Amino acid sequence: MASKPGILTEWPWTWLGNFKYLVLAPFVGHSIYTYLMSKDEISQRDITYIIILPLLLSRMIHNQIWISISRYRTAKGNNRIVDKSIEFDQVDRESNWDDQIIFNGLLYCIGYLLLEQGRHLPLWRADGIIIIALLHSGPVEFLYYWLHRALHHHFLYSRYHSHHHSSIVTEPITSVIHPFAEHISYFALFAIPLLTTLFTGTASIVGFGAYITYIDFMNNMGHCNFELIPKWMFSIFPPLKYLMYTPSYHSLHHTQFRTNYSLFMPIYDYIYDTLDKSTDTLYEKSLEREAEVPDVVHLTHLTTPESIYHLRLGFASLASEPHTSKWYFWLMWPVTLWLIMITWIYGHTFVVERNLFKNLKLQTWAIPKYRVQYFMKWQRETINNLIEEAIMEADLKGIKVLSLGLLNQEEKLNSNGELYIRKNPQLKVKVVDGSSLAVAAVINSIPKGTSQVVLRGHLSKVAYSIALALCQGGIQVVTLDEEEYKRLIAKLIPEASTYLVLSKSYLSKTWLVGAGLSEEEQLKAPKGTLFIPYSQFPPKKTRKDCFYFSTPAMITPKHLENVDSCENWLPRRVMSAWRIAGILHALEGWDEHECGNMMFDIDKVWKASLDHGFRPLTIAAATESKN
């Protein structure tokens, strides 16, 4: 929102929320009805009206492709322009980037119904495309330059344009984040070439579509925050620098504010002496910038088929909220299936996001495998090869620590990461499974004064360590299965084993649960039971009369930068213990692996996390997340 919002700041359909697309429904329905019920032969029916909807959909796909590419490239770091952070407030502010597409769609539909010249447009007319090109490079660019300068006058800037400039680090969709009144003025400008071709009888479907696509392309490119225009283009045709801007050119406008006002053609900044003096320097510096080498890498993987939409590289608004299933994902199953095939074929770890913790550079890498594949025996070798390749790549790049997230450190898969250490004893990168901090997070989630807990679910390295720590602390650990009792008792020292109890009673209201907890077992728990997971994945919430805590996690300190997405099902600015463990490993300079049977001192790891600003997750914060 602008600092002093003016009139027509809000979009007219803001109050509709997620139902805002309904404003287009009457026109979409009418266009389909008109086309199907036309008495003309199919070959002679007017497609101009009905093609508006595919055009709007193509614009949304075009924008989303730019979002994904930009987030991927800026996470890697090569050719990145601005290093500052993007946070949740920017994602929320830019979540309505599709409003301008709805607005344009309404105007196109109304224009078709009101203007006779807009009907039965030919597919192609070369003279109309030439007119559009000439009018854009002349009147549109000139008028935009002076409109833009006017918007930077303190009166209009505080009421309108400051909303756009709230995003100093730009993303492609930043280009269309303006108050409603601004979009009205921009549409009036861009309508000049289109209306001219309509009234001169030179309009065409391709002409309209190409011009709109050109505007979207240049807008997205100018705000993508990585440089992609090669120097050879300007070497071959030097005047091009007056006719086409670059991402670094426009990025300077967002950091300096009073320079580089032009739309897509910098010529008017040259004419009126508003060109930023550092334009060429920043351009060359950005082109030469190499991919970033992080200090710590967290290795994760995809979970459900739709989880790819929740990645930071996917839908920004979905990534900024805890992972939940949306009803409209069912409508997108063909796209989901296509993406599954791509990840299957691509088969290489990719960069998901980057963060900065004090002076520590962090990256998250993802393996293109889904949760279900980790339980397929025939997939284990492939997954292990992918994990090992990521570890070897990290070692080659000089990365200090690689932490294994989710099922990448599954005992049956690789013995909690020990497999890679045995195969590559010369590794310099430290491999961390994060078990020690996961144990500490679970123990510190148990309400104070608790004297007894139930331990349920598949036993793991973390489960054994929790049982040992609790028994040593004088808290009774109840197991309900005789086989599990025998396995646990074998891991405990004699002094602690007296606190391990085999019972058929379900009276305890604190349950520590791992993977494999059935719905039937949950139903046996007493009303008001607190379920605290110790596994990487949360249990399915069956009971409404019980409380479900988060998987082992902590709240991150404010100095963790560039946080604009949620880690799977965790709330905002909450990080899993396994991921935090890798950061602590690098911060503390611990010079050993934490994998296999290796466990660090739990109290020492917990203290280190608190010393570096991480805070325990409360039940209130944990219940914000949804499965």
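Residues numbered from 1 in each chain as written. Predicted model: local features only at pLDDT ≥ 70, side-chain atom pairs only at ≥ 80, totals over all residues. Heavy atoms only, no water.

What about the overall build of the protein?
Consideration 1: Each helix and strand counted, the protein has 27 helices and 15 strands in total.
Consideration 2: When the 627 residues of the protein are sorted by exposure, 55% land in the buried category.
Consideration 3: For the protein, the share of sequence-separated contacts (at least 6 apart) that also reach a separation of at least 24 residues comes to 72%.
Consideration 4: Approximately 28,600 Å² of the protein is accessible, and the part contributed by carbon and sulfur atoms is 62%. (Helix = DSSP H or I, 4+ residues; strand = E, 2+ residues; numbered from the N terminus. Buried < 20%, exposed > 50% of the residue type's maximum accessible area, 1.4 Å probe, protein only. Contact = heavy atoms within 4.5 Å. Areas by Shrake-Rupley, 256 points an atom, 1.4 Å probe, with all protein chains shown as cover.)

Quick word on the nonpolar core
Consideration 1: Residues Ile 387, Leu 437, Leu 512 and Tyr 534 are the most contacted members of the largest nonpolar core, which totals 86 residues.
Consideration 2: Apart from residues lying up to four places away in sequence, Ile 387 is in contact with Leu 299, Ile 367, Leu 404, Asn 408, Leu 413, Asn 414 and Tyr 420.
Consideration 3: With 30 residues, the next largest nonpolar core counts Tyr 186, Leu 198, Leu 240 and Met 244 among its residues. (Core = buried A, V, L, I, M, F, W, Y, C linked by side-chain atoms within 4.5 Å.)

Here we look at the sheet that holds strand E12 (residues 553-555)
Consideration 1: Spatial ordering of the open sheet is given by E14-E12-E15, a layout of 3 strands whose pairing is antiparallel. Where the open sheet ends on each side, the last strands, each with one partner, are strand E14 (574-576) and strand E15 (615-616).
Consideration 2: Both E12 and E15 contribute to a ladder of 2 bridges, which runs antiparallel. Opposite Ile 555, over in E15, you have Arg 615 as the bridge partner.
Consideration 3: Its contacts with the sheet put helix H25 (residues 577-588) on E12 and E14, and the angle it makes with E14 is roughly 85°. (Pairing = 2+ DSSP bridges. Axes fitted to C-alpha atoms, helices over the stretch in contact; angles between N-to-C directions.)

Comments concerning the UniProt feature "domain: Very-long-chain aldehyde decarbonylase CER1-like C-terminal" (unreviewed entry) in the protein
Consideration 1: Here, the residues flagged by UniProt with the feature "domain: Very-long-chain aldehyde decarbonylase CER1-like C-terminal" (unreviewed entry) are residues 453-616.
Consideration 2: Between the C-alpha atoms that bound residues 453-616 the distance is 20 Å, and the span itself is 33% helix and 19% strand. (UniProt positions renumbered as here; feature names shortened; annotations may be inferred.)

Some points on unusual backbone geometry
Consideration 1: Of note, the phi angle at Leu 8 is positive, near 55°, even though the residue is not glycine.
Consideration 2: A positive phi angle, close to 55°, is found at Lys 358, a residue other than glycine.
Consideration 3: Following the sequence through the fold, Lys 358 ends up in the loop between strand E2 (350-357) and strand E3 (360-367).

A short note on the UniProt feature "transmembrane region" (unreviewed entry) in the protein
Consideration 1: Mapped onto this structure's residue numbering, the UniProt feature "transmembrane region" (unreviewed entry) falls at residues 19-36, 128-147, 184-212 and 327-347.
Consideration 2: When the span residues 19-36 is considered, its composition is 67% helix and 0% strand, and the gap between its end C-alpha atoms is 26 Å.
Consideration 3: Across residues 184-212, the secondary structure splits into 83% helix and 0% strand, with the terminal C-alpha atoms separated by 16 Å.

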